[in-house]
Amino acid sequence: MTQKELFAKKLSEIKAQLPEGSSLLVVSKTRSVEEIKTYYELGLRDFGENRVQELSDKAQALQDECPEIRWHMIGHLQTNKVNALFKIPHLYAIHSVHDLNLVQKLLKSQDLLDHSLQIFLQFNTSKEEEKSGFEDYADLSAAAELLLSSPKLNLAGLMTMGTLRTENFEGEAARCFQELNKVKEKLQDNLQVNLKTSMGMSQDYKIALQEKSGWVRLGTMMFV
Ligand SMILES: *Cc1c(COP(=O)(O)O)cnc(C)c1O
């Protein structure tokens, strides 16, 4: 099988599992621009990266060849990288907005954007220490309200990751995703908005789809 045939097979397998309202983004971190281009040629448009520099290099390399590409920043974002991020061509969304300080920096720099961005606030449902994300509903709600007043940063939804270190991986993933759905519903009611979720990776995407995730972020399984 050629690489393109293999990718086509993976893509059709996963698409067959996506219910209405759930979309796939392929996490292309550490993968080559050629691999990304192959998925693009197969019709995929959404790609996720977790480092600003790598994202910037790939976005520039593919800028002309993949004019309809939509880049998603999914990794930890430092405030001192925001200006560089905002200059990246075809940047579509940030899934990893993890605290109020970062929201304020995004708002301060938004004039650098020539188009609007989809913003997901990351909520820490696993409470694992190395994970970032809001832990407090009041802070999350304050961040959401700040975004609602922005002309360019669209509050798109909430993102989370399931617990990594656990004996009960599937049970923990379900608990984390259900908690995010509860937080989402509360925020929707309080702010009268409509939100999506971004949850599910290679190991737990089936559980995320049962919990109606708006975006599943699949890396490893799309390439091996
Ligand atoms: C790497 C990464 C993914 C994809 O993980 P896989 O296990 O390779 O599917 C999803 N979300 C985030 C935030 C990541 O950093």
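Conventions and cut-offs
- Along every chain, residues carry numbers that run from 1 in the direction the sequence is written.
- Local features in a predicted model are, by the rule used here, given only for residues with pLDDT of at least 70; side-chain atom pairs are given and counted only at 80 or more, and totals for whole chains, interfaces and linings are based on all residues.
- Heavy atoms throughout the structure, all of them, feed into the side-chain values; hydrogens and water do not.
- Going along the chain from the N terminus, every DSSP run of H or I of four or more residues is numbered as a helix, and every run of E of two or more is numbered as a strand.
- Between buried and exposed lies partly exposed: a residue is buried under 20% and exposed over 50% of the maximum accessible area for its type, with that area taken using a 1.4 Å probe on protein chains only.
- Within 3.5 Å is the distance limit for a polar contact, defined as a pair of N or O atoms, with the added protein rule that one can donate a hydrogen and the other accept it, and that residues adjacent in sequence qualify only through two side-chain atoms.
- It only takes one pair of heavy atoms within 4.5 Å for two residues to be counted as in contact.
- Note on terminology: near, applied to a residue and a molecule or strand, indicates that one of the residue's heavy atoms is within 4 Å of it.
- Accessible areas in this description were obtained via Shrake-Rupley with a 1.4 Å probe; residue shielding takes into account the shown protein chains only.
- Only protein atoms enter the calculation, which uses a 1 Å grid: trapped sets of points that fit a 1.4 Å probe without letting it out are cavities, open sets showing protein on both sides within 12 Å along at least five of seven lines are pockets, and any residue with an atom within 4 Å of a point is a lining residue.
- To be counted as sitting in a cavity or pocket, a molecule needs more than half of its atoms within 2 Å of that site's grid points.
- Residues are grouped as follows: Ala, Val, Leu, Ile, Met, Phe, Trp, Tyr, Cys and Pro are nonpolar; Asp, Glu, Lys and Arg are charged; all remaining types, including Gly, are polar.

Undergrad: Whenever I open this one, the side chain of Ser109 confuses me. Can you help?
TA: Within the element layout of this structure, Ser109 appears in helix α5 (residues 100-109). You can call Ser109 buried: its relative accessible area is 6%. Of the polar contacts made by the side chain of Ser109, one reaches the side chain of Asn83; its length is 2.8 Å. With residues up to four places along the chain from it excluded, the contact list for Ser109 reads Val82, Asn83 and Phe86.

Undergrad: How do you make sense of the site of the ligand when you look at a structure like this?
TA: Looking at the ligand, the residues that line it are Val27, Lys29, Ile74, Met201, Ser202, Arg217, Leu218, Gly219 and Thr220. For the ligand, a nitrogen atom lies 2.9 Å from a polar atom in the side chain of Arg217. Taking Thr220, its side chain carries an N or O atom lying 2.5 Å from an oxygen atom of the ligand. Burial of the ligand by the surrounding chains reaches 86%, relative to a free accessible area of 390 Å². Among the detected pockets, the ligand sits in the largest pocket. Per-class residue counts for the shell around the ligand are four nonpolar, three polar and two charged.

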